[in-house]
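Residue-level structure breakdown
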Amino acid sequence: MTHLEHLTPRRIVAVFLVLALCVASAAATWALGRSTSDPVGAAPAGRVATADLTPDLASNVAYQQALVAAPSGKPKVTVIGTGGTIAGVATNRGSFTNYRAGQIPIADLVDDLRPEIDAVAEVDTIQFGNKGSGGYTIAEFHALTLAVEKALETSDGVVVTSGTDTMEEFAYWLDLTVQSRKPVVMTGAMRPTAAGTVDGPGVIGADGPANLYNAITLAGSRVTTCFGAVLMLGDEFHAARDVTKTSSYRMDTFQTRELGVLGWIDGTNIKVGRAPARVATCDNPQRWNTPFDLSKIAATDLPRTEIIYGYQQAGGEGITGFADAGVKGIVTAGTGAGGISSAQSAARTAAVAKGVVFLSTTRTGSGSVYGGTTGSVIAGDDLLPQKARLLLMLSLAYAGGDVAKVRTWVSTIGNPEWDTLASSAGTPPGQLKPAA
């Protein structure tokens, strides 16, 4: 029997499919290589080697189009300043921890990057606020989302600077509420920028200028299109949903436990190591967008939502007090896989009877919480408590009292996953799991 006799009709079709996939992959690789390595205007806004993109991104049509469709001239990036350490003024050049946050205007921080940043992007600035991140209210978060969306109407990407204390909450809020698929990048600093006065000399080893430069480069490159909001510090960028602050002073404080970073910025090279599951719906704006369009509700429509911490022999009075105060949603940061004390459990049962919805998470910092398939106690999977609170708040605001809808949003929007059971789920491998 000759080799040709082995080529049954089914095998011939398979061979042609493989060849077609190879050709398509080569074409996509060529397009991505050109779009991310060729100069845009005076200089590249970020150069991505073809090998630095994951296979899922290389086969995502909408993502490819976002990279290939370079804006005329340099990309336009809007930087929105909210203050924080990056805008801080230290007592002297060697003071890394003694400083006043939120002092330097964002326009000045960007101007200090010139003329170099002008070769990367056309940059304008908005001074949204100038204080520590922990001083912002949910009403101000609501206004920040609207400011970001307004800027994205004309800009190719937005950078938001903030303090690092609650930066992960800023980022996840924007991830949940910004309806544009354009890049949104959070950045800041662990050391203040200036010493003595706002226009004083630079603090020794200040990380703010490099972080801001890299954030603008990342936003202008369009590499994080459809990623949702990302957080960028120390040459790394992370998914807003997953990242957390792990140290009060260390420069590498932001980490994504278990999952790891999305990518790195090495000079003009942007390396993408992985993509958040949300990018799988880039081709389908209706699925990519969340229902949390803040142009449709007022900040006063967002219900009060709180967090209760679990520990040995914890009392239930905190839960009772919140329920009596009219709190609509409570996140429990439980021990282990979400456990709470007997007193807290009894108080939770009484609060549920009053209409309070609970979301169970773990205080461990990683790992999942399962169960809660019925009733008003919902499992948060691996959402961190501070992130779960924001999702629960938004879900309660938009669900109109439908707890089942809240549960669906927690399990899908809050916990997107790559589909590993495509044959049973009815979607191709590598796609996002369909909503329950």
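The structure reproduced in this document is the subject of the present report. Note that the coordinates shown come from a computational prediction; the quantities given were computed from them, not determined experimentally.

So, the pairing of strand β8 (residues 229-233)
In terms of burial, β8 is a largely internal element, 5 of the 5 residues being buried. Burial along β8 is two-sided: the residues Ala229, Leu231 and Leu233 and Val230 and Met232 are all buried. By the bridge criterion, 3 bridges tie strand β6 (residues 184-187) to β8 in an arrangement that is parallel. Across the sheet, methionine 186 pairs through a bridge with leucine 231, a residue of β8. One ladder, built from 4 bridges, connects β8 with strand β9 (residues 236-239); its direction is antiparallel. By the bridge assignment, valine 230 is partnered in β9 with alanine 239.

Structural notes on the environment of glutamine 344
As for its position among the elements, glutamine 344 is in helix α10 (residues 342-353). With relative accessibility at 2%, the residue glutamine 344 sits in the buried group. Here the alpha-carbon distance between glutamine 344 and glycine 315, two residues 29 residues apart in the chain, equals 6.0 Å. Setting aside its immediate chain neighbours within four residues, glutamine 344 contacts Ile308, Tyr309, Gly310, Ala314, Gly315, Gly316 and Ile319.

Here's the deal with the sheet that holds strand β5 (residues 157-161)
Spatially, the 8 strands line up as an open sheet ordered β4-β1-β5-β6-β8-β9-β12-β13, and their pairing is mixed. Pairing within the sheet leaves two strands with one partner each, and these edge strands are β4 (122-127) and β13 (269-272). Across this sheet, the average inter-strand angle for adjacent strands is 25 degrees, counted without regard to direction. Pairing geometry for strand β12 (residues 263-266) and β13, over 4 bridges, is antiparallel. Along β13, the bridge assignment pairs aspartate 266 with asparagine 269. The sheet strands contacting helix α5 (residues 138-152) are β1 (76-81), β5 and β6, and the helix crosses β5 at an angle near 150 degrees.

Regarding helix α12 (residues 403-412)
Side chains of residues three or four places apart in an α-helix project in the same direction, reflecting 3.6 residues per turn. Buried within α12 we find Val406, Arg407, Trp409, Val410 and Thr412. One side-chain oxygen at the N-terminal end of α12 lies 3.1 Å from the backbone nitrogen of alanine 404; it belongs to aspartate 402.

Structural notes on the nonpolar core
Membership of the largest hydrophobic core comes to 47 residues, with the highest contact counts inside it found for Val148, Val160, Trp173, Leu174, Met186 and Leu394. Residue assignment for this core shows that the elements contributing at least two residues are α5, β5, α6 (167-177), β6, β8, β16 (357-362), α11 (385-399) and α12.

Notes on the packing of helix α9 (residues 317-324) against α10
Where α9 contacts α10, the axes come no closer than 8 Å and their chain directions differ by 15 degrees. What the angle tells us is that α9 and α10 run roughly parallel. Along this stretch, α9 crosses α10, giving a crossing that reads as right-handed. Taking contact as the criterion, the partners of Ile319, Thr320 and Ala323 in α9 are, on α10, Gln344, Ala347, Arg348 and Ala351.

Things to note about the sheet that holds strand β2 (residues 89-90)
One open sheet accounts for 3 strands, arranged β3-β2-β7; its pairing is mixed. Looking at strand neighbours, the two that pair on one side only are β3 (99-100) and β7 (194-195), the edges of this open sheet.

Considering the pattern of salt bridges
In total, this model carries 11 salt bridges according to the counting rule given. Across the pair glutamate 140 and lysine 131 runs a salt bridge whose closest N-O atoms are separated by 3.1 Å. Relative accessible area serves as the criterion here: at 25%, glutamate 140 is assigned to the partly exposed category. The salt bridge partner of arginine 274 is aspartate 242, with a shortest N-O separation of 3.5 Å. Residue arginine 274 is located in the loop between β13 and α8 (285-288), and its partner aspartate 242 is located in the loop between β9 and β10 (244-245); the two are separated by 32 residues in the primary sequence. For arginine 274, a relative accessible area of 18% translates into the label buried. What makes aspartate 242 buried here is its relative accessible area of 15%. Residues joined in a network through salt bridges with shared partners are Arg241, Asp242, Arg274 and Asp382.

Concerning the state of the cysteines
All chains considered together, the criterion is met by 1 disulfide. A sulfur-sulfur distance of 2.2 Å marks the disulfide that ties cysteine 226 to cysteine 282. Around the S-S axis, the bridge from cysteine 226 to cysteine 282 shows a dihedral of about 65 degrees and counts as right-handed. In this pair, cysteine 226 sits in the loop between α7 (208-221) and β8 while cysteine 282 sits in the loop between β13 and α8, placing the two residues 56 residues apart along the sequence. Cysteine 226 gets classed as buried once you look at its relative accessible area, which sits at 1%.

Parameters at a glance
- Residues numbered from 1 in each chain as written.
- Predicted model: local features only at pLDDT ≥ 70, side-chain atom pairs only at ≥ 80, totals over all residues.
- Heavy atoms only, no water.
- Buried < 20%, exposed > 50% of the residue type's maximum accessible area, 1.4 Å probe, protein only.
- Helix = DSSP H or I, 4+ residues; strand = E, 2+ residues; numbered from the N terminus.
- Pairing = 2+ DSSP bridges.
- Contact = heavy atoms within 4.5 Å.
- Axes fitted to C-alpha atoms, helices over the stretch in contact; angles between N-to-C directions.
- Polar contact = N/O pair within 3.5 Å; in protein donor to acceptor, adjacent residues only side chain to side chain.
- Core = buried A, V, L, I, M, F, W, Y, C linked by side-chain atoms within 4.5 Å.
- Parallel < 35°, antiparallel > 145°, perpendicular 65-115°, else oblique.
- Left-handed = near helix turned anticlockwise from the far one by under 90°.
- Salt bridge = Lys/Arg side-chain N within 4 Å of Asp/Glu carboxyl O.
- Disulfide = S-S within 2.5 Å.

Read these as geometric descriptors, not functional statements.
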